[in-house]
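Fold and contact review
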Amino acid sequence: MAVHEPLTLSIKEATTGYRQRQIFQGLSLTLRSGITALLGPNGAGKSTLIEALATPDRLSAGSVLVNGKRVESGQSTQSYLANMGYLPQRWEAFDRFTPQECVEYVAWLKRVPKVAIRAAASAALQSVGLIDVKDDPLRRLSGGMRQRVALAESLVNNPTVLLLDEPTVGLDPEQRSLFRGSLAAQGNRIVLMSTHLTDDVQELAQRVLVVQEGRVLFDGPPDELAKRAPNTATSLRLEAGYMAVIHSTAGVR
Amino acid sequence: MMTWVRHSTTGAIGAAIGIAGVLLALHARREGLNLWTDYITGLSQASIYTGTLAAGVSAWEARRTHKPLVARLLVSSRPVVAVRVAHFASVAAPLALGFVIGVALLWAIGLATGVYGSPFIPWIGALVGAILAASAFGYGVSAVSRNQWYSPPLAAILFFASYVILQLLHAPNWSRALFPVIMNVDSEFVAHVSTTMFGQIVAYLSFVILVPVLIAVAAKRRRGPSGFILVATLIAGVGLGASLIGLRNGQYVTGQNPGDFVCEGARPQVCVNPGYRAGLAKLVTAFAELSQKSSDSDLIASRLEQQVEGIGDSPTRPARSLYIEDLSESGIAFSVARYVDRYGGGIACRTSEHTYDQHLANAVVQAWLSNFDELGFGGASPMEPGAAEFRRLTALGPVAARSWFGNHVRQYMSCGLTLADLP
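Because the structure is a prediction, the values reported are computed rather than measured.

Residues and elements named next belong to chain B. The strand order β3-β4-β5-β6 describes an open sheet built from four strands, whose pairing is mixed. Looking along the sheet, the strands with just one partner apiece sit at the ends: β3 (262–264) and β6 (320–322). Within this sheet the neighbouring strands show an average axis-to-axis angle of 25 degrees, counted without direction. Where strand β5 (residues 303–306) meets β6, three bridges bridge the pair, whose relative direction is parallel.

Moving on to the interface of chain B and chain A. Between chain B and chain A, the residue contacts involve 15 residues of the former and 23 residues of the latter. Elements that contribute at least two residues to the side of chain B that touches chain A include exactly α1 (2–7) and α4 (47–73) of chain B. Broken down by element, the residue count for the side of chain B that touches chain A peaks at five residues, all from α4 of chain B. Class assignment for the residues of the side of chain B that touches chain A results in five nonpolar, five polar and five charged.

Residues and elements named next belong to chain B. Close contact between α4 and helix α6 (residues 121–144) brings their axes to 7 Å; oriented N to C, the two are set at 40 degrees. For the element pair α4 / α6, the angle class is oblique. Here the hand of the crossing between α4 and α6 comes out right-handed. Every residue of α6 that contacts α4 at Ser 47, Thr 50, Gly 51, Ala 54, Ala 55, Gly 56, Ser 58, Ala 59, Ala 62 and Arg 63 is listed here: Leu 127, Ala 130, Ile 131, Ala 134, Ser 135, Phe 137, Gly 138, Tyr 139, Val 141, Ser 142 and Ala 143. Grouping the amino acids of the contact of α4 with α6 by side-chain chemistry returns 12 nonpolar, eight polar and one charged.

In the segment running from Arg 267 of chain B into Pro 268 of chain B, the intervening peptide bond is cis, with an omega of -5 degrees. By the element assignment, Pro 268 of chain B lies in the loop between β3 and β4 (269–272). Omega for the bond connecting Arg 317 of chain B with Pro 318 of chain B falls within 30 degrees of zero, at 0 degrees, which places this linkage in the cis form. At Asn 158 of chain A, a position not held by glycine, the phi torsion is positive, near 50 degrees. By the element assignment, Asn 158 of chain A lies in the loop between α5 (143–155) and β7 (161–165).

Another point: the nonpolar core. Membership of the largest hydrophobic core comes to 110 residues, with the highest contact counts inside it found for Ile 131, Ala 136, Val 208 and Val 364 of chain B. The element best represented in this core is helix α9 (residues 194–219) of chain B, accounting for 14 residues. Among residues more than four places away in sequence, those in contact with Val 208 of chain B are Ala 92, Leu 132, Ala 133 and Ala 136 of chain B. In this structure, Phe 97, Cys 102, Val 103 and Ala 107 of chain A belong to the second largest nonpolar core, which totals 76 residues.

Once that is clear, we can look at the pairing of strand β1 (residues 9–18) of chain A. Sheet analysis places β1 of chain A next to strand β2 (residues 21–31) of chain A, joined by seven bridges and oriented antiparallel. In the sheet register, Ala 14 of chain A faces β2 of chain A, and the bridge partner there is Leu 27 of chain A.

For the rest of this paragraph, the subject is the confidence of the model for chain B. Residue and element names in this part refer to chain B. For chain B, per-residue confidence averages 92 on the pLDDT scale, and 98% of positions sit at 70 or higher. The element-level mean pLDDT for chain B is lowest in α1, coming to 78, with α6 highest at 97. The complex prediction reports pTM at 0.88, with the ipTM value standing at 0.85.

Residue and element names in this part refer to chain B. With 15 residues, helix α12 (residues 329–343) should reach 21 Å at 1.5 Å per residue; the first-to-last C-alpha distance of 21 Å fits that figure. Within the sequence span of α12, burial applies to Ile 332, Ser 335, Val 336, Ala 337, Arg 338, Tyr 339, Val 340 and Asp 341. Each element contacted by the buried residues of α12 is listed here: α11 (280–293), β6, α13 (346–351) and α14 (356–370).

Procedures and definitions
- Residues numbered from 1 in each chain as written.
- Chains lettered and ligands numbered in written order.
- Predicted model: local features only at pLDDT ≥ 70, side-chain atom pairs only at ≥ 80, totals over all residues.
- Pairing = 2+ DSSP bridges.
- Helix = DSSP H or I, 4+ residues; strand = E, 2+ residues; numbered from the N terminus.
- Axes fitted to C-alpha atoms, helices over the stretch in contact; angles between N-to-C directions.
- Contact = placed C-beta atoms within 7 Å.
- Nonpolar A, V, L, I, M, F, W, Y, C, P; charged D, E, K, R; others polar.
- Parallel < 35°, antiparallel > 145°, perpendicular 65-115°, else oblique.
- Left-handed = near helix turned anticlockwise from the far one by under 90°.
- Core = buried A, V, L, I, M, F, W, Y, C linked by C-beta atoms within 7 Å.
- Buried ≥ 20, exposed ≤ 12 C-beta atoms within 10 Å, placed from the backbone.
- pLDDT = per-residue confidence, 0-100.
- Expected span 1.5 Å × (residues − 1).

As structure tokens, then:
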């Protein structure tokens with residue numbers, strides 16, 4: 001499946017959350033090609049926003065739009081989901097499967113043509129550096145390898161939109177480096193990646209969104225966020241900028 | 001789907017179901033007989049165990065794969081109902097396949113051992129449907145109990161307990177036939193009520209699809225009309241199957257003698273279903289002995305035909321009924337005893353008032369005539385009523401015994417003998 005033409009992915013006037021607790025109310029923003037990092041403290045709504053984009057039919061109110069066209073129930077949702085890859089924060093694995101089988105199953109779910117499933121799965125595993133262990137049982141793989149299997153699952157349909165919820169959490173530095181390498185190659189898509197790690201942002205993102213309590217406090221390039229740091233001499237300018245933003249009261253809606 | 005099947009626990013359990021089916025079917029063979037109908041009886045009687053197993057393992061598999069499946073279903077671009085049904089199929093298919101392979105193996109064993117007859121295919125179809133329905137039951141119980149650690153044992157226990165309760169409540173036959181456990185007994189002397197079996201197949205298969213569809217529809221936040229239409233159609237399918245079952249009150253077989261006989265012997269001529277041919281010589285010998293003991297009496301007919309029960313059936317005139325349970329030594333003696341009871345003094349003893357002494361004397365003579373000492377006169381203390389008389393009667397030489405019976409045959413036939421009349 002070829003990557004589609006550059007598109008925009010928008011969420012418009014969206015209200016979403018869990019049961020009684022609505023985290024985002026009337027949220028609107030637009031994502032374009034490239035990696036956008038989503039930063040924010042725990043409970044800020046990062047996962048909620050990513051889930052809202054991953055499952056547009058579960059929004060309480062508002063809509064998700066692809067290139068300005070609303071994703072509605074039925075055919076357009078299925079088409080949207082077929083061109084979207086999603087790595088949830090807690091990736092649940094079929095432990096008896098091999099990486100190849102895991103990825104092939106998702107390919108089937110994403111309607112990759114039957115004849116292309118095997119090749120698509122192999123290509124996805126190749127792109128995350130796991131082709132050598134594709135036939136090993138998943139339970140024998142390290143945490144970092146499993147996380148890369150999860151990334152391969154989200155890539156197998158060659159999606160236009162890639163939504164990654166804290167993909168590097170729990171990885172050791174080497175695994176994180178490998179993972180970032182895999183992800184860096186995906187920059188020609190619309191990638192939204194939530195993270196706690198400003199290192200990830202520094203290395204990968206072209207754009208940063210900082211959210212807190214259902215509000216977008218910052219939307220701009222990493223350099224811009226770094227400039228918000230009160231002390232420009234520090235080596236951790238991006239982190240300092242982020243801290244400055246979440247402690248400020250002025251936000252961007 | 002093959003990936004699922006390959007990694008599913010149900011593959012091993014499917015094999016176990018197949019093996020259990022074969023073993024129980026072979027175990028159901030009666031001594032000296034090798035009949036497909038006995039295999040079917042064994043397979044049917046296995047269904048409470050295989051069903052319980054299928055329910056438990058399906059709940060296990062549903063629980064084991066629940067979280068990763070649901071996570072992927074959220075972002076699947078295939079219809080959730082289709083994915084759920086495919087998942088259930090991967091759970092249930094190995095179980096049904098194991099059973100079918102077991103039946104095929106049984107077929108091969110039957111061919112190699114010269115089995116008589118052939119299976120009634122709708123019966124096999126109903127048994128396959130029952131295993132699938134038991135699997136759907138377990139899959140559904142797991143979903144309803146929220147895929148907890150206790151869901152698999154709960155599903156198995158619920159399945160087994162539901163069956164036991166249905167039996168204890170003496171629920172109407174049609175409602176018991178709806179439950180996916182088929183414990184009916186097949187025989188060479190029945191006509192199969194295929195309406196019931198087709199009803200079960202329709203009801204079971206509708207239920208089998210209904211369960212995963214309901215789980216998928218219930219999990220959807222936004223439900224379109226297509227889901228409801230599908231659910232309604234499947235419920236209608238269960239209803240249609242239940243109606244078909246109800247049409248014949250869940251009856252599985254009805255008495256019928258195909259009249260297909262092989263015969264041997266002169267007086268009497270003994271005719272049995274070809275599947276019982278192996279016992280023909282022994283039966284001829286046993287009835288010849290009876291004929292000898294009871295010569296010049298009406299006890300023995302010129303022709304005996306194997307029938308359903310030996311009582312209440314209709315052999316071609318002037319033949320009489322012969323009932324056979326198995327072809328062991330005691331089975332042959334039992335056949336003679338059933339014959340003597342049906343055509344000897346037993347009928348008179350049952351149809352009019354007689355003393356205990358007369359009943360006892362009749363029993364002693366019947367035990368002697370048939371060589372089937374059911375009441376244990378031969379092993380009892382001589383002080384026991386009838387024991388000494390039985391021993392004296394069996395100790396008589398053939399000529400003396402025949403002479404004694406000839407002198408007392410009218411009393412015997414009218415249940416008028418007393419212990420004092422016995423030698």
